[in-house]
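# Structural overview for review
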Amino acid sequence: MALIDSYKTEYLLLKDFIEREEKEQTTEKVAKDLASVFTNGNKVLICGNGGSNCDALHFAEEFTGRFRKERRALPAIAISDSSHITCVGNDYGFDYIFSKGVEAYGKEGDMFIGISTSGNSGNVIKAVEKAKSLGLKTVGLLGKDGGKLKGMCDYEFIIPGETSDRIQEIHMMILHIIIEGVERIMFPENY
């Protein structure tokens with residue numbers, strides 16, 4: 001059955017992620033760096049297009065609200081405000097909708113996470129470039145072969161799936177692991 005084969009593909013992507021020790025180490029490093037970002041009074045910015053935008057919003061609200069247990073709110077901003085996106089898209093072009101947000105909110109010591117299932121999203125590429133120029137640590141959640149973003153970020157996760165839905169499912173798992181890691185570091189009493 002084709003539907004079952006689709007989920008077998010997801011299982012293989014997940015298995016590949018879990019079995020690669022370097023991916024586990026990278027996830028831990030990102031969680032430690034992000035905990036340090038928050039401890040030092042800085043923030044995380046995150047963006048993506050379409051479903052990845054929804055993942056960015058989900059990630060941010062887990063920090064500004066809570067993930068599993070009560071704790072203080074942590075500063076996370078998804079660059080997703082519709083008035084910002086339409087203003088910048090109209091005045092500068094769609095490729096600048098995220099980089100202008102990074103320019104507005106980002107500062108040295110912050111972290112930036114860009115999500116692109118193709119690795120070729122022009123607006124995420126420009127946002128990574130802007131984040132690096134401002135001294136932000138950068139993380140890329142990418143798909144397929146990593147596209148043009150491959151090698152541009154300080155940390156990257158490339159999920160070699162062929163469809164955005166399967167890639168996004170693994171991306172959200174990674175984001176949840178990072179959130180839990182940050183909470184375990186910053187709020188050990190909750191675990």
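Our structure's up above, just so we're on the same page.
### A short note on the overall build of the protein chain
A count of helices and strands for the protein chain gives 7 helices and 5 strands. Along the protein chain, helices and strands appear, N-terminal first, in the series α-α-β-α-β-α-α-β-α-β-β-α. The dimensions of the protein chain, computed from C-alpha atoms along their principal axes, are 50 × 45 × 25 Å. Scored against the burial criterion, the 191 residues of the protein chain give a buried share of 47%. Counting contacts in the protein chain only where the partners sit at least 6 residues apart, residues at least 24 apart contribute 69% of the total. By element, 51% of the accessible surface of the protein chain is carried by carbon and sulfur atoms, the whole surface being about 9,300 Å².

### A look at the sheet that holds strand β5 (residues 155-159)
With parallel pairing, 5 strands are arranged side by side in an open sheet as β2-β1-β3-β4-β5. The open sheet has two edge strands with one neighbour each: β2 (76-78) and β5. When strand polarity is set aside, the average angle formed by the axes of neighbouring strands in this sheet is 15°. Taken together, the 4 bridges between strand β1 (residues 44-47) and strand β3 (residues 111-116) define a ladder with parallel strand orientation. Its bridge partner being in β3, Leu45 is matched across the sheet by Phe112.

Basis of the calculations
- Residues numbered from 1 in each chain as written.
- Predicted model: local features only at pLDDT ≥ 70, side-chain atom pairs only at ≥ 80, totals over all residues.
- Heavy atoms only, no water.
- Helix = DSSP H or I, 4+ residues; strand = E, 2+ residues; numbered from the N terminus.
- Buried < 20%, exposed > 50% of the residue type's maximum accessible area, 1.4 Å probe, protein only.
- Contact = heavy atoms within 4.5 Å.
- Areas by Shrake-Rupley, 256 points an atom, 1.4 Å probe, with all protein chains shown as cover.
- Pairing = 2+ DSSP bridges.
- Axes fitted to C-alpha atoms, helices over the stretch in contact; angles between N-to-C directions.

Function cannot be read off these values alone, since they describe shape.
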